[in-house]
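Here is how the chains run, residue by residue.
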Amino acid sequence: MFTTKELQDRILSLKKEKDVCILAHAYQTHDIIEIADFVGDSFALSRKAQSAPQKTLLMCGVRFMAETAKILSPQKRVILSHSEAGCPMAEQLAVEELRALKQCYPDAAVVAYINSTSSLKTQCDICVTSASALEIVKNLPQKEILFVPDCNLGSWIEKQVPEKKFHFIQGGCPVHMQITEEDVKEARRRHPQALLLVHPECKEEVTRLADYAGSTTGIMNFAAQSSAKEFIIGTDTTIAEHLRFSHPEKRFYALSKKCVCQDMRLTTLMEVYHCLNGMGGEEIVLTDEVRLGAQKSIDRMLGK
Ligand code: 13P
Ligand code: SF4
């Protein structure tokens, strides 16, 4: 039987031998974070991978992230670490449904959260991440916004951009949406000195009670820079765990133990080992039509 350290050492030498760059979303477990070339939020990983010298990218995350990496680095081979690792929210809106919605709101700018399929992105005006959404939506010339698929992130932006009219679907991240106002009350009761930091994929009843709401990177930066010593973290429980390693002088508590993305958990250290041995994962293949169509809405987000 391998120890974790032995397996990590084998992975490190295999990725060098096979010229593979390992990308790990911040919701991956600590043993995977330790062997990754880059760790970050969904879009940051694909951006960093563009300048990586390796010819192959192994995305330890979910399908839309691997597709985004392929769109930004079409000349590279992109492997998704587990073929079943999807994002339930990204699958919530079909292209045909979006086409019908666009007919209902012909004057609206169609804004897609990056957590969406590449096919859906081909039908949107612009993509956003949880970090960039507010600034981008504020600066769009249109006064009407059709925001898909996450109505929670969308309403969080709506509150801060009252001059625009928003339309949503009943979509959202099933993992973050499990967190309730009751969870907040209970966590505040247990940890009265702690600041509450949450992801805007949480429901409005949760974000309105937070001391800070922002992307995964935003939450981690806030915790690093704050002089506070205790924090309740309202996103996937791995983030509280990573913060404990980076700031052992501070205390971090998960807002809810239910907030665990099972799709992210499909990738294990052993699964990464199998991928590097050509015995696991799935190579991402996109048609030129989908790749170039989705790239347009990503390019607009980048101001290109
Ligand atoms: P970010 O990492 O972009 O903040 O998104 C959170 C998330 O749910 C990723 O799937
Ligand atoms: Fe999708 Fe939510 Fe999991 Fe992120 S946490 S991958 S949005 S289901």
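The numbers attached to residues start from 1 for each chain and follow its sequence in the written order. Lettering for chains starts from A, numbering for ligands starts from 1, and both go in the order in which the items are written. Where local features are concerned, this predicted model is filtered to residues with pLDDT of at least 70; where side-chain atom pairs are given and counted, the filter is 80 or more; whole-chain, interface and lining totals use all residues. Side-chain metrics rest on all non-hydrogen atoms present in the structure, leaving aside hydrogens and water.

(A) View of the sheet that holds strand 5 (residues 109-113). At least two bridges found by DSSP between two strands is the condition for calling them paired. For the purposes of this entry, the term helix denotes a DSSP run of H or I that reaches at least four residues, the term strand denotes a run of E that reaches at least two, and both are numbered from the N terminus. The strand order across the open sheet formed by four strands is 6-5-7-8, and the pairing between neighbours is parallel. In the strand order of this sheet, the two ends are held by strand 6 (126-128) and strand 8 (165-168), each with one partner. In this sheet, adjacent strand axes meet at a mean angle of 30° when their direction is disregarded. The pairing of strand 7 (residues 144-148) with strand 8 spans four bridges and is parallel. The partner of L146 across the bridge, within strand 8, is H167. For this analysis, residues touch if any pair of their heavy atoms sits within 4.5 Å. To obtain an axis, a line is fitted to C-alpha atoms, over the contacting stretch when the element is a helix, and the angle between two such axes runs from 0 to 180 degrees between their N-to-C directions. Of the strands in this sheet, strand 5 and strand 7 are in contact with helix 5 (residues 95-104), which crosses strand 7 at around 165°.

(B) Main features of helix 15 (residues 288-301). Any helix carries an expected span of 1.5 Å times its number of residues minus one. Spanning 14 residues, helix 15 covers 20 Å between terminal C-alpha atoms, matching the ideal 20 Å at 1.5 Å per step. Among all positions of helix 15, only R291, G293, A294, S297, I298, D299 and M301 are buried. G303 sits one or two residues past helix 15 and shows a positive phi near 75°. Per-residue accessibility, obtained with a 1.4 Å probe over protein chains only, is compared with the maximum for each type, and a residue is labelled buried under 20%, exposed over 50%, and partly exposed between these values.

(C) Broad picture of the pattern of salt bridges. Salt bridges are identified by distance alone: a Lys or Arg side-chain nitrogen within 4 Å of an Asp or Glu carboxyl oxygen. Across all of its chains, the model carries 17 salt bridges by this definition. A salt bridge links D37 to K15; its shortest N-O distance comes to 3.0 Å. Taken together, the residues D37 in the loop between helix 2 (30-33) and strand 2 (38-40) and K15 in helix 1 (residues 4-17) connect sequence positions 22 residues apart. Look at D37 and you get partly exposed, because its relative accessible area is 30%. Across the salt bridge formed by K138 and E135, the nearest N and O atoms sit 4.0 Å from each other. Pair noted here: K138 and E135 are both in helix 7 (residues 133-139), with a separation of three residues, about one helical turn.

(D) A look at the sheet that holds strand 11 (residues 230-234). Ordered by their spatial adjacency, four strands build an open sheet running 10-9-11-12, and the pairing between neighbours is parallel. Strands at the two margins of the open sheet, each flanked by one partner only, are strand 10 (212-213) and strand 12 (251-254). Of the strand pairs in this sheet, strand 9 (residues 195-198) and strand 10 are connected by two bridges, and their pairing is parallel. When the bridges of strand 10 are listed, L197 appears paired with Y212.

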